[in-house]
Amino acid sequence: MSFFSRLFRKAPSPPAAPASASQPASSAKVANAPPKPGAADRALAAAAEENALQVALDAGDMQAVARLVVAGASTKVRQAAAQAIEDADLLRQLIREVRGGNDKSVYKVLTSKRDLLVEKARKHEQLQAEIAAAAADFERHTQRPYDISYKPLLDQFETRWEAVAAEAEAALREKVEQCIDRSRETIAAHLREAAAQASRELAATQAATEAQQLRQQQLQAEAAVAAEQERALDEQRRAQAEQQQVEQQAVRQLGEMIRKARGALSDGSTARAAVVRRAIEQQLVGAPPLPANLVGQLQLLDKQLEELKDWKLFSVTPKRAELIEAMELLIDATLDPLPLAERIKSLQEQWRTLGKGAGENDEADQQRFKDATQKAYQPCRAYFAAQALILQENLQRRDALLAKLTAFEAEQHGEQADWRLVANMLRETKAAWRLITPVDPRAGRPQQEAFVALTARLKDRLDTEYARNLEQKAALIERARALLGSDDSRQAIDAIKSLQQSWRAVGPVPREADQRLWEEFRQHCDAVFQKRQQASVVYAAELDHNKMQAIDLCEQLEKMAASDAPELLARTTLEELRSAFETLGELPPADARELRKRFDRGLDRCQASVARQQARDVEQAWSDLFEAANHVRAYRLGVARHLETEQIDRLKAAAEASIAAGQRWPKNAVQALKEALVSERSDELAQNDAALRMLCIRAEILTDQPTPPEDQALRREYQLQRLVQRMGQGGKADDTPLDTLAIEWVGIGPVESAAYQPLLQRFRRCREQGSSRAR
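Rules and cut-offs
- Residues numbered from 1 in each chain as written.
- Predicted model: local features only at pLDDT ≥ 70, side-chain atom pairs only at ≥ 80, totals over all residues.
- Heavy atoms only, no water.
- Helix = DSSP H or I, 4+ residues; strand = E, 2+ residues; numbered from the N terminus.
- Buried < 20%, exposed > 50% of the residue type's maximum accessible area, 1.4 Å probe, protein only.
- Areas by Shrake-Rupley, 256 points an atom, 1.4 Å probe, with all protein chains shown as cover.
- Core = buried A, V, L, I, M, F, W, Y, C linked by side-chain atoms within 4.5 Å.
- Contact = heavy atoms within 4.5 Å.
- Axes fitted to C-alpha atoms, helices over the stretch in contact; angles between N-to-C directions.
- Parallel < 35°, antiparallel > 145°, perpendicular 65-115°, else oblique.
- Left-handed = near helix turned anticlockwise from the far one by under 90°.
- Nonpolar A, V, L, I, M, F, W, Y, C, P; charged D, E, K, R; others polar.
- Phe/Tyr/Trp six-rings, centres within 6.5 Å; stacked < 30°, edge-to-face > 60°.
- Lys NZ or Arg CZ within 6 Å of the ring centre and 35° of its normal.
- Salt bridge = Lys/Arg side-chain N within 4 Å of Asp/Glu carboxyl O.
- Arc of directions from axis to C-beta.
- Polar contact = N/O pair within 3.5 Å; in protein donor to acceptor, adjacent residues only side chain to side chain.
- pLDDT = per-residue confidence, 0-100.

For the rest of this paragraph, the subject is the overall build of the protein. A tally of helices and strands in the protein yields 26 helices and 0 strands. Out of the 775 residues belonging to the protein, those deemed buried represent 32%. As displayed, the protein offers around 47,400 Å² of accessible surface, 53% of which is attributable to carbon and sulfur atoms.

Right, here's the structure in full:
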């Protein structure tokens, strides 16, 4: 009972008588075909099918609906049934069954439904993948530390999530919200830390600004003091020059007065000589030290005057009166404080040498001398008080400078010190220390010792840094000298540039040593660059040589690609050329890319030629197989017809020769030919014809080729059988490869040549179509 009979519960038609060997199977089928139904019958059948379709749809019987898609009598029923199919697997099965049939509209409906379901499934999978990817982005984002791209990325992830969040599961949405909350907390924590850091930096900046302003004020004050001291020194120098002129004039006057006194002594006028001597004594107050000749003349004058006084009445009282008079003269004297103080001290010493017991009671003279001394010393007292204030101020300034240098030493700790700043600070501080004068030697001694120790420590550290930097620069010079012997000029140039960067990174050294070391280092660098220039000529020649070799290899490939000689296109030859090209040295940068493209194009052309040759060899092998199968068929047909032994032997020999002549048979082809050649089963030509037709139909289904009208019913029946098998037994679609069908073709028994050749042409067209798709 056929599938149509089982489907519509009709009695099967009586089987047709088998066709004879001389009558084709197609002719037998046409002769035994049932009469076509009338219009009324077709209308009744269509109504019945529509009713059956509605019943199947109401009952959810999709197998019945699928049968109507394939076997429905009317196009309307088949299309309606096809529209009702929603299962993707069933759609794919039905598409395979109706492919190649006459009802293209049903095929279009099924493929459209399939494409719509596939697109819907693809979009659903894409949406789920997008949801999973968005959730994974949030999970990874919460694990990363904050950086400049943290918030922009979070905004992007949130925008991406908002587009798909509605389709996500509730648990996943809650998890993503937790990730978003953690990410926002990370941003908030960063903002709090940034605000705190900005506050700290602002406070540090303000403190640094205030310290800088204080330092500038101190420097300005120190500069003002230094300028004032310089002005005072200028005034002092001018005063000293004027004083020298005054002193020189006083010395000349004293010399003149000494000569006058000696003249008076020569005249015997002691009183006049004593007056002149007192005048000389007054002149000596504030006068510069006398020259040796004047000192000798004055001493001689005093000796002569004393000798003369000895002859006269001598007593203490006149001397005291003289000292009192001399002290009273100093009260309004216009002398500088220091010489005035020295003169007062000298008179006090002379007063003390007179003694008290000589002559009359001297209390009145003592008081008078004391009062004159107090009045004369008053200018000196103010001067020394002002000097004490200056000494105290200089001590305070030195204390401030020492504290500043101590703080600087604390800042420049360890190996992170700014050594150039250290050198400048040492130089400026020493200069400023020397300008702070005068100071009290006793009170300033601890300051001086602390300053010397502090500057010595900084100097020791600076000298240590100088020594280390000198050692580093000497090492860089040695490395630069060693690069002169390098054979790789490019590597040497890169190394020299790196050494130059390292040289600039080395800390300071003494100026005189720095200049000397730099000159030596630059000489070695210049020598390496000159060597590179010489090597560039050799390098350019090497590039040209490699370019010519590459062009030669490209030309060889192009000649091979234009030739069909198999030996030239051998895989080993192509690999040798590829290896030769890869082992070439460096190519000119301007030509390297184009030469590589040219070589690859030639290689692709050669490989394409090889592929075409291999395809031709494969097709030739299948052609030889079908030719040998035809000889085997002729032999077995002769046996079935009981030809004469001589003819049968001749046909067998031709078949064996055809099998032996083949060189590259497809897999299992030789075994199939030999088995077909020695097969002893009874050969039914009609059955063999039907088997070959079925192989053609299977091949046409596999390659989506149309089936001739005379075999359409056979194809439809085969498709229905396959559909029922898959739905009822869980079978799969017929996906047997064409090569396997071709091997089956060889094993089928003989048929008449008139029927065999059209079938062979149909089968080989399917093979050609399958081969073109594979390529």
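The biggest cluster of nonpolar side chains holds 33 residues, and the ones touching the most others in it are Leu-625, Leu-673, Leu-692, Trp-745 and Phe-763. Those elements that place two or more of their residues in this core are α20 (589-641), α21 (645-661), α22 (669-678), α23 (685-702), α25 (738-747) and α26 (753-774). Considering every element that reaches this core, the biggest residue donor is α20, with 7 residues. Those residues in contact with Phe-763 that lie beyond four places of it in its chain are Phe-626, Leu-695, Cys-696, Ala-699, Leu-738, Leu-741, Ala-742 and Trp-745. Counting residues in each nonpolar core, the second largest holds 24 residues, with Leu-94, Val-106, Val-109 and Met-727 among its members.

It is the contact of helix α7 (residues 104-143) with helix α9 (residues 170-267), at a shortest axis distance of 9 Å, that shows an interaxial angle of 30°. Our classification of the angle between α7 and α9 gives roughly parallel. Our pair here, α7 against α9, has a crossing hand that is left-handed. Each of Ile-131, Ala-135, Phe-138, Glu-139, His-141 and Thr-142 in α7 lies in contact with α9, whose residues at this interface are Leu-172, Lys-175, Val-176, Cys-179, Ile-180, Arg-182 and Ser-183. Across the contact of α7 with α9, the residue classes tally to 7 nonpolar, 3 polar and 3 charged.

Here we take up the packing of aromatic side chains. In the structure shown here, the tally under the stated rule is 11 aromatic pairs. Aromatic pair Trp-503 and Trp-518: ring centres 5.9 Å apart, planes at 50°, arrangement tilted. Of this pair, Trp-503 sits in helix α17 (residues 489-505) while Trp-518 sits in helix α18 (residues 511-562); the two residues are 15 residues apart in sequence, bridging distant segments of the chain. A centroid spacing of 6.0 Å and a plane angle of 40° characterise the contact between Trp-518 and Phe-521, whose relative ring orientation is tilted. Taken together, the residues Trp-518 and Phe-521, both in helix α18 and 3 residues apart, mark about one turn of the helix. By relative accessible area, which is 0% here, Phe-521 ends up buried. The structure contains a cluster of three or more aromatic residues connected by ring pairs, namely Phe-626, Trp-745, Tyr-756 and Phe-763. Over the ring of Trp-622 we find Arg-767; its NZ or CZ atom is 4.1 Å from the centre of that ring.

Two side chains bearing opposite charge may form a pair once their charged atoms approach each other closely. Summed over all chains, the structure comprises 38 salt bridges. The partner of Glu-185 in a salt bridge is Arg-192, with the nearest N and O atoms 3.1 Å apart. The exposure class of Arg-192 is partly exposed, given its relative accessible area of 49%. Across the salt bridge formed by Glu-575 and Arg-578, the nearest N and O atoms sit 3.9 Å from each other. Placement of both Glu-575 and Arg-578 in helix α19 (residues 571-582) is noted, with a separation of 3 residues, approximately one turn of the helix. On the accessibility criterion, Glu-575 (39% relative accessible area) is partly exposed.

Relative to the elements of secondary structure, Met-257 occurs in helix α9. With a relative accessible area of 17%, Met-257 lands in the buried category. Residues Met-257 and Gln-283, 26 residues apart in the sequence, show an inter-C-alpha distance of 9.5 Å. When neighbours within four sequence positions are excluded, Met-257 is seen to be in contact with Val-276, Ala-279, Ile-280 and Gln-283.

Turning next to helix α5 (residues 75-84). Within the sequence span of α5, burial applies to Val-77, Arg-78, Ala-81 and Ala-82. Looking down the long axis of α5, one finds its buried residues gathered within 130° of arc, a one-sided arrangement.

This part covers the environment of Leu-338. Topologically, Leu-338 is positioned in helix α13 (residues 337-354). Sequence separation between Leu-338 and Phe-384 is 46 residues, and the spatial gap between their C-alpha atoms is 9.1 Å. Filtering out sequence-adjacent residues up to four positions away, Leu-338 remains in contact with Tyr-383 and Phe-384.

Quick look at unusual backbone geometry now. Note the cis peptide between Thr-437 and Pro-438, where omega equals -5°. By secondary structure assignment, the location of Pro-438 is in the loop between α15 (419-435) and α16 (441-482). Of note in the backbone geometry, His-642 takes a positive phi value of approximately 60° without being a glycine. Assignment of secondary structure puts His-642 in the loop between α20 and α21. A residue is classified by how much of its surface remains accessible, and His-642, at 68% relative accessible area, is exposed. You will see that Asp-704, though not glycine, has its phi angle at about 55°, which is positive. With respect to the secondary-structure elements, Asp-704 resides in the loop between α23 and α24 (712-729).

Along the polypeptide, Asn-630 turns up in helix α20. Those residues in contact with Asn-630 that sit more than four places away from it in its chain are Tyr-756 and Gln-757.

Let us now look at the side chain of Thr-707. As for its position among the elements, Thr-707 is in the loop between α23 and α24. Of the residues examined, Thr-707 reaches a relative accessible area of 5% and is grouped as buried. A distance of 2.7 Å separates the side chain of Thr-707 from the side chain of Glu-700, its partner in a polar contact. Here Thr-707 is in contact with Ile-697, Glu-700, Gln-712, Arg-715 and Arg-762, once residues within four sequence places are set aside.

Turning next to the packing of α16 against α17. Remark: α16 packs on α17, axes separated minimally by 10 Å, with the N-to-C direction vectors making an angle of 170°. Here α16 is positioned roughly antiparallel relative to α17, judged by the angle of their axes. Contacts between α16 and α17 involve Lys-473, Leu-476, Ile-477, Arg-479 and Ala-480 from the former and Ile-496, Leu-499, Ser-502 and Trp-503 from the latter. Class assignment for the residues of the contact of α16 with α17 results in 6 nonpolar, 1 polar and 2 charged.

Residues of helix α6 (residues 88-98) that are buried: Leu-90, Leu-91, Leu-94, Ile-95, Glu-97 and Val-98. Relative to the axis of α6, the buried residues are bounded by an arc of 165° and lie together on one face. The backbone nitrogen of Asp-89 has a side-chain oxygen 3.2 Å away, supplied by the residue at the start of α6, namely Asp-87. Of the residues flanking the end of α6, it is Gly-100, one or two places downstream, whose phi is positive at about 90°.

Quick look at the confidence of the model for the protein now. Looking at the protein, pLDDT values average 78 and 87% of them are 70 or higher. Averaged over each element, pLDDT in the protein is lowest for helix α1 (residues 3-8) (38) and highest for α23 (87). The low-confidence segment residues 1-34, where pLDDT is below 50, has 26 contacts with residues more than four positions distant or belonging to other chains.

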